[in-house]
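Overview (structure and organization)
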Amino acid sequence: MATIKGKPIEEWIRAYPDLGPVLNYTPFFWSNPYVQNQQEGLQNQPLQLADIQNAEERLTRFAPFIATVYPETENTGGIIESPLKKADQIKARIEDITGQEIPGTFYLKLDSHLPISGSIKARGGIYEVLKHAETLLLENQLLSEKDNYRKMAGNKYREFFSQYTILVGSTGNLGLSIGVISAKLGFHVIVHMSADAKQWKKDLLRERGVKVVEHVSDYSKAVEEGRAEAAKDPKSYFIDDENSRDLFLGYTVAAIRLKKQLEEQEIQISPETPMHVYLPCGVGGGPGGVAFGLKVIFGDAVKCYFAEPTHSPCMLLGMMTSMHHTISVQDFGLDNQTAADGLAVGRASGFVGKVMEPLIEGIYTVSDEQMFRLITEMADAEGIHLEPSAVTGLMGPAYVVQNNPEVTEEHIHLIWATGGSMVPDEIKEADYQKGRQYKNNPDAT
Ligand SMILES: *Cc1c(COP(=O)(O)O)cnc(C)c1O
């Protein structure tokens, strides 16, 4: 009989009864018993406020370069940031779908509309490439931190970077972000794509001169191949989605930016009337980095929740059992097959799970049918197209209200809409039509 870490599955379920629904692919909300308050939860963490500020300053140094090579960022001065939008219409639809009245105001954080790559990966992925580029130039005395980084758009720099290779393993969006910015700087880029990666993402990268290696297996394998290939060449650099602190730090900067947006829109939060933040989770770096930054900046005035596909709940299994990245969803017999390509990850990051264990309130799962229905509801209600991964945040508020009678009208629900603006029109239409079937036949969800 199959065992996991030497124990039969029945024994795991006896120790963790919440595993029952999770192993049946049933949408489920898990309330994290390990959560602590900000002060306790941020003690002894490997990263601090100074690291986040440092990352933010680096992005500011690069802003003149970004504004030069990406004219669409000119009006933000080369700062890559997404809109924060109030969303009353979708709130009404979610209340209708879930049959749950939800006190509080809905906002969307539209990372789907981040410039350059149209997903949350434009935060971490682009940051790590820029940091690597800066390190190479500093080491070779080609740059000082006081310089205007606009000069990196020049040919001399492109030639310099062309000696170097950047590698990454991805389910799609990370490869897209890293591929696009690396090619712009002049690096050679090799992206190892898992079987889940959408064809249009591969096509777009190839158009930009990126080498795309396709794998028939899943994300963990694509990462492994990228890592192995990079180890053979001293002039190559592997961006390690399963372990990278730089990626994580790139995501944390969102918190500093969001603080400004809340002030501009006069949105007030406090430990008594907090902002609940719903973050789609794959390997964990994106939602983990954003949530970590939020806890550092806002403390107990924010409460964070991760959303995962019912078929790929790697963070949920890892955190619930405290086994973190040492176990995979496949170990527990789950298939890791989902339309949410950004979240199709069977094994969580090696360090994010432990860092986030005391900092998140819960994790819930969302079925593929629910995702397609939400795509259609979102398009109809708000006129915004999101990709399957990116709508999973929407199922969170009803669970939170069911589990917390103290949620009032003063609370904020911030749904992190992580990707979708770059999806080709014909795929948007197909996703929408698929969701319409479920919308017209709610029993199917
Ligand atoms: C990658 C991705 C996520 C999750 O980020 P991880 O770092 O993999 O946890 C969420 N949404 C979208 C659209 C993504 O591409």
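Our structure's up above, just so we're on the same page.
Below, the structure is looked at part by part. (Residues numbered from 1 in each chain as written. Predicted model: local features only at pLDDT ≥ 70, side-chain atom pairs only at ≥ 80, totals over all residues. Heavy atoms only, no water.)

1. Here we look at the packing of aromatic side chains
This model, assessed by the stated rule, comprises 13 aromatic pairs. Centroid distance F29 to Y305: 6.4 Å. Interplanar angle 45°. Geometry classified as tilted. Taken together, the residues F29 in strand β3 (residues 29-31) and Y305 in strand β11 (residues 302-309) connect sequence positions 276 residues apart. Neither residue differs from the other here; F29 and Y305 are each classed as buried. (Phe/Tyr/Trp six-rings, centres within 6.5 Å; stacked < 30°, edge-to-face > 60°. Helix = DSSP H or I, 4+ residues; strand = E, 2+ residues; numbered from the N terminus. Buried < 20%, exposed > 50% of the residue type's maximum accessible area, 1.4 Å probe, protein only.)

2. What to know about the side chain of D218
By the element assignment, D218 lies in the loop between β8 (211-214) and α10 (219-231). Although D218 is buried, it makes no salt bridge; R347 carries the closest opposite charge, 8.1 Å away. A distance of 3.0 Å separates a polar atom in the side chain of D218 from a polar atom in the side chain of Q330. Beyond its immediate stretch of four places on either side in the chain, D218 contacts S194, D196, Q330 and N336. (Lys, Arg positive; Asp, Glu negative; His and termini not counted. Salt bridge = Lys/Arg side-chain N within 4 Å of Asp/Glu carboxyl O. Polar contact = N/O pair within 3.5 Å; in protein donor to acceptor, adjacent residues only side chain to side chain. Contact = heavy atoms within 4.5 Å.)

3. What to know about the sheet that holds strand β9 (residues 236-239)
With respect to topology, four strands assemble into an open sheet ordered β8-β7-β6-β9, the strand pairing being parallel. The open sheet has two free edges, formed respectively by β8 and β9, since each of these has just one partner strand. Within the sheet, the average angular offset between the axes of one strand and its neighbour, ignoring direction, is 20°. Two elements, strand β6 (residues 165-170) and strand β7 (residues 188-193), share six bridges in a ladder whose sense is parallel. Residue G169 lies in a different strand from β7, and its bridge partner there is H192. On the sheet, α10 packs against β6, β7 and β9 and is oriented at approximately 160° with respect to β6. (Pairing = 2+ DSSP bridges. Axes fitted to C-alpha atoms, helices over the stretch in contact; angles between N-to-C directions.)

4. Things to note about the site of the ligand
Around the ligand sit 16 residues, and of these K121, N173, G284, G286 and T418 come closest. Taking G284, its main chain carries an N or O atom lying 2.7 Å from an oxygen atom of the ligand. G286 has a polar backbone atom sitting 2.7 Å from an oxygen atom of the ligand. For the ligand, the protein covers 99% of the area, taking 380 Å² as the surface of the free molecule. A total of three residues in the shell around the ligand trace back to one element, the largest contributor, which is helix α13 (residues 285-298). Its residues assigned to classes, the shell around the ligand shows five nonpolar, nine polar and two charged. (Near = heavy atom within 4 Å. Areas by Shrake-Rupley, 256 points an atom, 1.4 Å probe, with all protein chains shown as cover. Nonpolar A, V, L, I, M, F, W, Y, C, P; charged D, E, K, R; others polar.)

5. Looking at α13
Taking 1.5 Å of rise per residue, the 14 residues of α13 would be expected to cover 20 Å, and the 19 Å separating its terminal C-alpha atoms lies within 8% of that figure. Of all 14 residues that make up α13, 13 are buried, and the element is covered over most of its length. (Expected span 1.5 Å × (residues − 1).)

6. Here's the deal with the sheet that holds strand β13 (residues 412-417)
Ordered by their spatial adjacency, seven strands build an open sheet running β3-β12-β11-β10-β13-β5-β4, and the pairing between neighbours is mixed. A single partner strand is all that each edge strand has here, and the edge strands are β3 and β4 (84-86). Taken pair by pair, the neighbouring strands of this sheet meet at an average axis angle of 25°, ignoring direction. Both β11 and strand β12 (residues 362-366) contribute to a ladder of five bridges, which runs parallel. Within β12, the residue paired with F306 across the bridge is I363.

7. Description of unusual backbone geometry
Residue I116 is not a glycine yet carries a positive backbone phi of 80°. Mapping I116 onto the fold places it in the loop between β5 (105-110) and α6 (121-139). With phi around 45°, H324 is a residue other than glycine that occupies positive phi space. A relative accessible area of 7% places H324 in the buried class.

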